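# Observations on the three-dimensional arrangement
Listed below, chain by chain, are the residues.
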Amino acid sequence: MSKIIDGKAVAAAVLEECRKEVEELKSRGVTPGLAVVLVGSDPASKVYVGSKARTCAELGIHSEKIEMPAETTQEELLAVVARLNADPAIHGILVQSPPPPHIDEAAVVRAIDPAKDVDGFHPENVAKLALEDQTGFVPCTPAGCMRLLKEAGVETKGANAVVIGRSMIVGKPMALLLMAKGSDATVTVAHSRSKDLPGICRQADIVVAAVGRPEMVKADWVKDGAVVIDVGINRVEDASKKSGYRLTGDVDYEEVAPKCAAITPVPGGVGPMTIAMLMKNTLISARRTL
Ligand SMILES: NC(=O)C1=CN([C@@H]2O[C@H](COP(=O)(O)OP(=O)(O)OC[C@H]3O[C@@H](n4cnc5c(N)ncnc54)[C@H](OP(=O)(O)O)[C@@H]3O)[C@@H](O)[C@H]2O)C=CC1
Ligand SMILES: Nc1nc(=O)c2c([nH]1)NC[C@@H]1CN(c3ccc(C(=O)N[C@@H](CCC(=O)O)C(=O)O)cc3)C=[N+]21
């Protein structure tokens, strides 16, 4: 019954759109630029930052990768952000989350010029999303999930959508996008204090899992014919792998997939879309400077 939503293929199509836009911008004298700042050396963060820089290179987007030691002070980080805010070659700034614990992440996000905040985390962009004002930046992961739903031909209008997770990066903006005019879903947001999560999930035509708990969503949580978007990226030990680990989502894919109308795999689902939408946001920012 189940259709696998191929995030890699949809991301490749988005990146193809980006490639054309880069050419067009360059012909008009603007080379788009993205700066990615990583504080500390979390191995997973390093992988993401590397793949963002690689994708920029493939598209002809100028990129600056700034790796700073874990001991970097708040002031040093804010100085880098200020320098990037003032740099006309940079249209997008991303500070990889989470930073080390001594960094005040909210203060760093507020210091980013909202016009360069391609993550969509600055309060001004959060407000614009809530206002359905199209002049802001939409966070990349939920934007990618919406695009996957669209490409898979999923009707959101009037659908019961359950979002598990209420983070500012994924769950909350995802709920705003699903309930926005035009998407028109009826949205329930669940979190760690929710009662009867399996029962809430069973009401859903669309489940979006953004929790960070490997394979939490089980087959008996999902109604027949539902659409499942698995945002979770979890590293679990696997002795059979050379790396010693494998990636798994927040959904028990083996169990759940046979029941759904459509489902995203991990890896190869939402992850590649996040990077593709980041490129899109960077190009939107570059175009606005024309
Ligand atoms: N594919 C991609 O591109 C991306 C993937 N991710 C992945 O998505 C997942 C979520 O990320 P993120 O939103 O940043 O994570 P956070 O840790 O910020 O938020 C997790 C949310 O899940 C809720 N939660 C935790 N445990 C439970 C539980 N047992 N039952 C119900 N709800 C629970 C928390 O509730 P409460 O608020 O009550 O604490 C919280 O709202 C992670 O696996 C992350 O790696 C993240 C970003 C991008
Ligand atoms: N400021 C900020 N912005 C972010 O967008 C941001 C962040 N901080 N911190 C961490 C999360 C996580 N995230 C991912 C991006 C790509 C994949 C991705 O490409 N995943 C591949 C697999 C990659 C692998 O093999 O490890 C896949 O799912 O197929 C995953 C996760 C962005 N995040």
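Looking up the chain in an unreviewed UniProt entry gives the name Bifunctional protein FolD, with the organism given as Haloferula sargassicola. Its UniProt record gives the chain a comment under Subunit (unreviewed entry), which states: "Homodimer." The UniProt entry for the chain carries the following comment under Pathway (unreviewed entry): "One-carbon metabolism; tetrahydrofolate interconversion."

### Description of the packing of helix 6 (residues 140-151) against helix 7 (residues 171-179)
One way to put it is that helix 6 packs onto helix 7 with a least axis distance of 8 Å and a crossing angle of 40 degrees. The angle between helix 6 and helix 7 falls in the class oblique. Crossing hand, helix 6 versus helix 7: right-handed. Listed contacts from helix 7 to Pro142, Cys145 and Met146 of helix 6 are Pro173, Met174 and Leu177. Broken down by class, the residue content of the contact of helix 6 with helix 7 amounts to 6 nonpolar, no polar and no charged.

### Thoughts on unusual backbone geometry
In this structure, the amide linkage connecting Ser97 to the following residue, Pro98, adopts the cis form with an omega of -5 degrees. Within the secondary structure, Pro98 is located in the loop between strand 4 (92-95) and helix 4 (105-111). Residue Pro267 is bonded to the preceding Val266 through a cis peptide linkage, with omega at -5 degrees. Positionally, Pro267 belongs in the loop between strand 11 (262-263) and helix 10 (270-288).

### Remarks on the UniProt feature "binding site: NADP(+)" (unreviewed entry) in the chain
In the numbering used here, UniProt assigns the "binding site: NADP(+)" (unreviewed entry) feature to Gly165, Arg166, Ser167 and Ile233. Relative to the elements of secondary structure, Ser167 occurs in the loop between strand 5 (160-164) and helix 7. By C-beta crowding, Ser167 is classed as partly exposed, having 17 other C-beta atoms within 10 Å. Tracing the chain through its elements places Ile233 in the loop between strand 8 (227-230) and strand 9 (234-237). With 21 C-beta atoms packed within 10 Å, Ile233 lands in the buried category.

### A short note on the confidence of the model for the chain
Mean pLDDT over the chain stands at 97; residues scoring 70 or higher make up 100%. For this predicted complex, the interface score ipTM comes out at 0.98, alongside a pTM of 0.98.

### Considerations on the site of ligand 2
The environment of ligand 2 is made up of 18 residues, and the closest members are Tyr48, Ser97, Pro267, Gly271 and Thr274. Among the elements of the structure, helix 2 (43-59), strand 4 and helix 10 are those that each provide at least two residues to the shell around ligand 2. Among the residues making up the shell around ligand 2, the classes are represented as 11 nonpolar, 6 polar and 1 charged. Structurally, the shell around ligand 2 is a two-domain feature, drawing no fewer than three residues from each of domain 1 (29-115) and domain 2 (140-271).

### As for the sheet that holds strand 1 (residues 3-4)
With parallel pairing, 6 strands are arranged side by side in an open sheet as 1-11-8-7-5-6. Two strands lie at the open edges of the sheet, namely strand 1 and strand 6 (186-190), each paired on one side alone. Note that strand 7 (residues 206-209) and strand 8 share 4 bridges and pair parallel. The partner of Ile206 across the bridge, within strand 8, is Val227. Across the face of the sheet, helix 7 comes into contact with strand 5, strand 6 and strand 7 while running at roughly 170 degrees to strand 6.

### Quick word on the site of ligand 1
The full set close to ligand 1 counts 25 residues, and Gly165, Ser167, Ser192, Gly212 and Thr274 are the nearest of them. Residues that form the shell around ligand 1 fall into these classes: 10 nonpolar, 12 polar and 3 charged.

### What to know about the nonpolar core
Counting 86 residues, the largest nonpolar core has Val163, Val207, Val208 and Val228 as the members making the most contacts within it. Tallying contributions element by element places helix 10 first for this core, with 9 residues. When sequence neighbours within four positions are dropped, the list of residues in contact with Val207 reads Val162, Cys201, Val217, Val222, Ala226, Val228 and Ile229.

### Observations concerning the UniProt feature "domain: Tetrahydrofolate dehydrogenase/cyclohydrolase catalytic" (unreviewed entry) in the chain
Here, the residues flagged by UniProt with the feature "domain: Tetrahydrofolate dehydrogenase/cyclohydrolase catalytic" (unreviewed entry) are residues 5-119. The span residues 5-119 is 50% helical and 16% strand by assignment, and the distance between its end C-alpha atoms comes to 24 Å.

### Observations regarding the sheet that holds strand 2 (residues 33-39)
Hydrogen bonding along the main chain pairs the strands of a sheet, whether they run parallel or antiparallel. One open sheet holds the 3 strands; their spatial order is 3-2-4, and the pairing between them is parallel. Looking along the sheet, the strands with just one partner apiece sit at the ends: strand 3 (62-68) and strand 4. For this sheet, the mean angle separating the axes of adjacent strands, direction not counted, is 15 degrees. Judged from the 4 bridges that link them, strand 2 and strand 4 form a sheet pairing that is parallel. If you follow Val37 over to strand 4, its bridge partner there is Val95.

Conventions we followed
Residues numbered from 1 in each chain as written. Chains lettered and ligands numbered in written order. Predicted model: local features only at pLDDT ≥ 70, side-chain atom pairs only at ≥ 80, totals over all residues. UniProt positions renumbered as here; feature names shortened; annotations may be inferred. Axes fitted to C-alpha atoms, helices over the stretch in contact; angles between N-to-C directions. Helix = DSSP H or I, 4+ residues; strand = E, 2+ residues; numbered from the N terminus. Parallel < 35°, antiparallel > 145°, perpendicular 65-115°, else oblique. Left-handed = near helix turned anticlockwise from the far one by under 90°. Contact = placed C-beta atoms within 7 Å. Nonpolar A, V, L, I, M, F, W, Y, C, P; charged D, E, K, R; others polar. Buried ≥ 20, exposed ≤ 12 C-beta atoms within 10 Å, placed from the backbone. pLDDT = per-residue confidence, 0-100. Near = placed C-beta within 6 Å. Domains from an automatic or database assignment. Pairing = 2+ DSSP bridges. Core = buried A, V, L, I, M, F, W, Y, C linked by C-beta atoms within 7 Å.

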